[in-house]
Every structure is written in C-alpha cells, then in structure tokens.
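Geometric and topological summary
Here is how the chains run, residue by residue.
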2 protein chains.
Amino acid sequence: MSDQTKPILVAVVGVGLVGAEFVDQLLSLPKEYFQIVALVSSDATLFAADGLAIDRSSWKGVYQQSKGPTIISALAAELYALVNAGRKVVLVDNTAAETVAHMYPNFLTGGVNVITPNKKAFSSDQELFDSILRATAQGGARFLNEATVGAGLPIISTLKDLVATGDTVLFIQYILPSENKLSRTQVTKIEGVFSGTMSYIFNNFSTPSSGGPSFSSVVKAARDNGYTEPHPGDDLNGADVARKLTILSRMIPVLREALPQGYKSVDTRSLVPPALEGLETGDQFMSRLPDFDGEFEAVRAEAQHENKVLRYVGVIDVEKRVVKASLEKYENAHPFATSLGGSDNIIMFHTKRYGTRPLIVQGAGAGAAVTAMGVLSDLLKLANR
Amino acid sequence: MSDQTKPILVAVVGVGLVGAEFVDQLLSLPKEYFQIVALVSSDATLFAADGLAIDRSSWKGVYQQSKGPTIISALAAELYALVNAGRKVVLVDNTAAETVAHMYPNFLTGGVNVITPNKKAFSSDQELFDSILRATAQGGARFLNEATVGAGLPIISTLKDLVATGDTVLFIQYILPSENKLSRTQVTKIEGVFSGTMSYIFNNFSTPSSGGPSFSSVVKAARDNGYTEPHPGDDLNGADVARKLTILSRMIPVLREALPQGYKSVDTRSLVPPALEGLETGDQFMSRLPDFDGEFEAVRAEAQHENKVLRYVGVIDVEKRVVKASLEKYENAHPFATSLGGSDNIIMFHTKRYGTRPLIVQGAGAGAAVTAMGVLSDLLKLANR
C-alpha cells in the first residue's frame, strides 16, 4: 500500500516539445500533490529520490547544465526502491521510443504506474500488449494512455465509458459522412479523418478551390508547427493512424485479438514515395520530398476535376471487423471538405444507445499543449484514486 | 477507511425512466463489484443491509410488490451504519426532487457518496452548493454529477480536465456559430443550443421549410419520448438550461460566485405562457398548451419570413461574465439550422490551449439510456478509486 498523504513521485522521460510542455504544466500545479524525481532524455539525466529542486522558471536551465549517460535500467531500480519504500510512483513517457515502450511491463510489474502519449506499446504485437495487461494485473500499477489518441480530447475515456457501462459499440469513425442519416443497416462504408497531422496536411493541401500549395510545402509547415513526428515519413506512412485504430480496437472486446501484429495488421495506405522509404532522418526526407510534388499534384488535380477533395481517413467497423486507413476523395460539399480546420480530429462513436445520432468529439488532435494536457489529466486521475 | 475488497453498496432513489434504466444497466455488470441495498421511490421502499435479492429479470416484479412509506431519514441512518461498518456506500439519486437534493450535505458528511443526474443541488443557492463542498471536504465522501449536463456526454469531466490542468476557459457555447473563424478578440456574441429537450422541440418545430407541426404537438412528442421532465413547463421555462449553465459556471474559478441565487441569477427567457404559469401537473399544462399554438406559430412565421429558424440557446462568456439562456433566430444556412438532429447537444469549449478551433462534444443530450449511462460511468469511476 502506498502512502496517500505524500506527493506522487513523477519520473519524466522525454523533454522534447510535449515533454517540456508537460513539465511546465505540472510545475504550475500546487506542489503538495506531485514531485518530479527524474528528468530524462537521450543525452542527460537528472535524478533525486527526494525530488528535484526545480520550479517552472528554473527547470530548463538546471536540466541543460546536466549531462550524463541515460541508463533506463538504473532509473528503474531507483523507482522500484521508491515503490518499496511505500511511495506512489509514475513514469511519464513523453518519447515516441520503442525502447521505452518495451520496458512498460517491467515498470508495471515493479509497481511503477505508466502514463504516456507514446502509442508504440499499445499498438504493436499482441504479445507486448498482453504482457502489459498481465503486468498491470500482477503489480497493481496502472497504465493510462488518453493522449495516445486525439491528444487532449476525451476519446479513450469516452470509449472506456461506453464499453464499461455495457453499451454496444457498432463502429467508430472520424468525420461526419454524408450518409449519416441512413439507418445503421444501410450503412455500407464508414470513414473519417483521424490524424491531426493528416488533417492539417490535407485541409491545407486539398481545398475546393483549384490549385493550391505544393505538398512538400504543406508538410514543411506542419512540421514547423510541431504537428508531425520528427520524421514526417512516420506520419505519411499512415502508421500513426493505424496505431490509433489498433489502440481503440483493442478496447472493444470483440476486436481485442483481431490485430495480432498490431498496427501492421491494419490495412494501411502509405503516402511515403517508395523511393524515399528508409531515409533515416526527417531532414533528409524533407529535402527530397519536393521531387514528388508533381505526383501529389496530379492526384489533387484528378480530385479537383471531379469536384472533390482528398482526405486521409480511418475506420473501425465493429460489425464487419474492418479496420483500415486510406486516402480517399470526397465531394466539395461533403463535411470532410467543409467541417475541418487546423489539425482537428473528429471522432464519432456509433453505439446502440446513441442510435442514429452518434456521439461526436472534435477538436485539435495534435500539438504540444493539448497533448501534454491529455497526459496531465491522466496524472490527475491517478492522483484522485 | 472503507473495505476495498467488498462490493460497493448502492442505494437507488428514484426508479422512473432513468432510474429503471440505471438499475438494468447496473445489474448487467459483474456482481462482485456492486450490491444494491435499497430501491426507493415516493410510494415504495426496499432495503436490505446485506444486499437485495434481485437480478435483472426479477427486480421490477419484486419492487412492484413492495409498498410502504418512504422515510429518507430512516434510509440515511441505515446507510451511515454501513459506512461505520467500513463499507463504501453510494446514494444514486435518479429523481429530480429538491427534497432529496437538500439532503446531500447530510449524506456526504455521513460518508455516503452521492452520484446523480439531478441538477437541483448544484444549480440552486450558493449556500447549498457551498455546504455540499464543505461536507465533501469534511466527510471524505464525493459527489459525481456527470449526467447533470449532456446526459452521457463527457461534458463535466472535460471541463474538469481543462480547468484542473490549468487551461484558461474563455467561453463555453453550444453550437457552431457562423462567426467561428473570427479571432477571439473579434467575437462579440457566442451562443448555442444546450438543452436536449429544447433541441428536439425546435429541431422539429422550426425548420427552413415553411409551416410545420404545431408547437404543442411537438412538445407532446418530446414528452412521449421521455425527452422532457414530467411537467414540460420545467423545460420550457428555460430553468433546465439555466441550471446547466450554473453547474458549468461554478466549475470555473473566476465564475464560481457569480451566480449567488444559482440558476435564478441566470438571465433566462421563459417559453411558458404567463397564463399557464403555476399549473401543478404536466397533464394540466399539456391540455392547455394548444391554446397558445397561434402565438408560437406567429413567432415561427416571422422567422420564416426572414429565412430564419428559431433555436433556444445558452452561453457562458467567461471573459465578459455573461451567463444567459434565450430564444433566438438564425439564418437557414447557419449550423444551428443545419447541424442538429434528434435531441443533440453541441457543447463547444473555447480555451487558450485549443485556440481558434474549439473542443466540441456533440450527441444525444437527453433520454433514459444515455442519462443512466452517465450515472453508471460515474459509479465506475468511484469504484476505480
């Protein structure tokens, strides 16, 4: 049993855009609830079992002066010692790293709670996901991952509520389809825009007016605004959408084991030009992407000729067991073309209780501030237990 | 400290439309988590300290055979005894009764948690609300009221997350205004459809096509579908919207004490004809409402003449400290006229983090199944603590 009267100890791994925003937001809360015991990135580590002596104005300076190798296993040992001393400990993983994700089962077995916007652990092989569930059951620690889908939007929590209260989820889609007034039995194809990054890119690249900016310039703007992964190919390959579809699918009992290889089992259209596959850095990728502007322009022109726009969509059809991510064309008057702006997600939950009028959550689905908010709201939920 | 290994004990007050649906949903969950110890309505009471011997198929029959006076104070004494015996006890109030609402401070002080879709306690005088907050702090018991606003939609929890994580809520509105692309500083008037009942009534009464069904026939249909309070005047007087606005306003620190008389402090337009004010029963009200169809028809005709529709809207403008509920006219092409269906709520949160693109939650905001779901999801949150 952990001591409920002492502050929750927080180890922060990853202090990039989201991580730095998270630390800022956390340090703005009253100090009696939380204490940061570790700040870790790939090139520096700060650790103090009794809490780092930092505040909102000083932490970046303190952190930048520290250097040293990052040894996650050493950090783990320190955190287990704190758990064994009766403290409630949370690892907040703000990285997108596979290596950290693969350590969740160990952390959870050791009693360290895990909160993260990192999709990797929940959308990879069934085996890793199952080992996380087992570790949670054994160690008594919890994982919370609201920010893995829709950033700060209440998507994971809403799906949890629907499933836990016994509603029957029929399908999940990501924008208002023009067919939304058809009864459920008539709906043959449900789809939607799901990724904040893809939303931003196609809202700007493909509009009802003719022509428009080049594809690479739009991707560059998205990257400059912090809406893409460091390597934009990680968004354009559709894997981000496929991972989110996997995370949501695994929360629905009848779909739980439908994606054995995780996001790789999702039928996914990649927008990365084959010639650019395997480029290591985002900078390399961005420098060569303009070579393919003509190809994207041709696809856009074809759509415009049909009075349509391009949108990258995702769908989970529970009844038909269909989970897919793809690039599609939509009429200029279609809500896919008219309703979206910025990096908006629109997630629609069609359920038995909600009947023909779905439950809809819409809003910014990417960006450091709203992602960090999703992580912090999970931390507050853990503190309320 | 309550015993975490034993089932949570649930006392259900009110077994009308929402209450019966709630009991059905609760009895569908695994028995090890919850035990119903009381079923109480105005004309019957069932109580068993070790749990009622009921299941999903039998409970209505068992309940209908029981008769006896309802003495809430006697129930309270039984529940305090269970708390003192170390059990976690929850009062689920599915009524709309002031009398029950006024007992929350006692229940909370006695350690009994309160979960409810009943808006009364949270939207009346500041004094009652403050006494609830004090009782929560003293007794250690919690109140959860997600279903008081938007039924099963994640409205209260979303606003809690926004406020708790330090976001600045600028305003809350209830449908997409045509001015939504203006920057915040240019927005002078924000408004929206908020009540599921009012949404249903005006979506059906006032459409872009000329003419339409009579006002009283639409109210009757809403009542028959369970979308109104037993007395439809309780919806048409705007108090329901004003109460929801009060509940949300009190969650925002700078507005917390802005409504000292609760919903009565909200600038509210009543749609109850003055001649029908004070009628005791819903049936009396419904029998005389057709006398006023001509008046509502005249207002609709005036709007149609201007190519507009009527919508009952609500607004909280945090910056301007404006909280109001009113009937307004909107262009036929306005989203107020085109986006809504059924008894949909659309709630938009404009915040600093979400910037010019608000966080939007939309879906059915009335009806027994989705209201009961909101109550049950609160109960599951309490169980997870």
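Residues numbered from 1 in each chain as written. Chains lettered and ligands numbered in written order. Predicted model: local features only at pLDDT ≥ 70, side-chain atom pairs only at ≥ 80, totals over all residues. Heavy atoms only, no water.

Defined as follows: UniProt positions are given in the numbering used here, feature names are shortened, and annotations may be inferred rather than shown by experiment.
The name given to chain A in an unreviewed UniProt entry is Homoserine dehydrogenase, and the organism recorded there is Sanghuangporus baumii. In its Catalytic activity (unreviewed entry) section, the UniProt entry covering chain A states "L-homoserine + NADP(+) = L-aspartate 4-semialdehyde + NADPH + H(+)". Within the UniProt record for chain A, the comment given under Cofactor (unreviewed entry) is "a metal cation".

So, helix H3 (residues 72-84) of chain B
All names here are of chain B. Note the threshold: Each helix is a run of H or I in the DSSP string that is no shorter than four residues. Each strand is a run of E no shorter than two, and both are numbered from the N terminus. A helix is expected to span 1.5 Å multiplied by its residue count minus one. The buried label applies to any residue whose accessible area, calculated with a 1.4 Å probe on protein chains only, is under 20% of its type's maximum; exposed applies above 50%, and partly exposed to all values in between. Taken from the helix axis, the directions to the C-beta atoms give the arc we talk about. A contact between two residues is defined here by any heavy atoms of the two lying within 4.5 Å.
Under the 1.5 Å per step criterion, the end-to-end length of H3 is 18 Å for 13 residues, consistent within 8% with the ideal 18 Å. The complete set of buried residues in H3 reads Ile-72, Leu-75, Ala-76, Leu-79, Leu-82 and Val-83. Around the axis of H3, the buried residues are gathered within 120° of arc, so they sit on the same side. Structurally, H3 contributes buried residues whose contacts are with strand S1 (8-13), strand S2 (34-41), strand S3 (44-47), strand S4 (89-93) and helix H5 (104-109). Where H3 terminates, the next one or two residues include Gly-86, which has phi positive at roughly 95°.

Comments concerning the UniProt feature "binding site: L-homoserine" (unreviewed entry) in chain A
All names here are of chain A. Within this structure's numbering, the places UniProt gives as "binding site: L-homoserine" (unreviewed entry) are Glu-229. Inspection of the secondary structure puts Glu-229 in the loop between helix H10 (215-224) and helix H11 (233-236). What makes Glu-229 partly exposed here is its relative accessible area of 24%. When near neighbours in sequence (up to four residues on either side) are disregarded, Glu-229 contacts Ala-96, Lys-119, Asp-234 and Asp-235.

Describing the packing of helix H1 (residues 17-27) of chain B against helix H16 (residues 368-383) of chain B
Any two packed helices are characterised by how steeply their axes cross, that is the angle between the axes, and by the distance between the axes. Residues and elements named next belong to chain B. The criterion, for reference: Interaxial angle, 0 to 180 degrees, is taken between N-to-C directions of lines fitted to C-alpha atoms, where a helix line uses only the stretch in contact. Oblique is the label for any angle not under 35 degrees, not over 145, and not in the 65 to 115 range, which are roughly parallel, roughly antiparallel and roughly perpendicular in turn. Here is the rule for handedness: rotate from the far helix to the near one, and if that takes an anticlockwise turn smaller than a right angle the crossing is left-handed, while a clockwise turn gives right-handed. For this classification, Asp, Glu, Lys and Arg are treated as charged, while Ala, Val, Leu, Ile, Met, Phe, Trp, Tyr, Cys and Pro are nonpolar and the rest, including Gly, are polar.
Where H1 contacts H16, the two axes come as close as 8 Å, and the packing angle between them is 55°. On the basis of the axis angle, H1 is oblique to H16. Between H1 and H16 the crossing geometry is right-handed. Facing H1, whose interface residues are Leu-17, Val-18, Glu-21, Phe-22, Gln-25 and Leu-26, H16 presents Ala-368, Ala-369, Thr-371, Ala-372, Met-373, Val-375, Leu-376 and Leu-379. Among the residues making up the contact of H1 with H16, the classes are represented as eleven nonpolar, two polar and one charged.

Overview of the side chain of Arg-300 of chain A
Residues and elements named next belong to chain A. Heads up, the rule is: Distance and chemistry together define a polar contact, namely a pair of N or O atoms within 3.5 Å, with one atom able to donate a hydrogen and the other to accept it when in protein, and with adjacent residues in sequence counting only for side-chain atoms on both sides.
Locating Arg-300 in the fold gives a position in helix H14 (residues 293-305). Only 2.7 Å separates the side chain of Arg-300 from the backbone oxygen of Phe-205, close enough to count as a polar contact. Polar side-chain contacts of Arg-300 include one of 2.4 Å to the side chain of Glu-297. Not counting residues within four places of it along the chain, the set of residues in contact with Arg-300 comprises Phe-205, Ser-206, Gly-211, Gly-212, Pro-213 and Leu-310.

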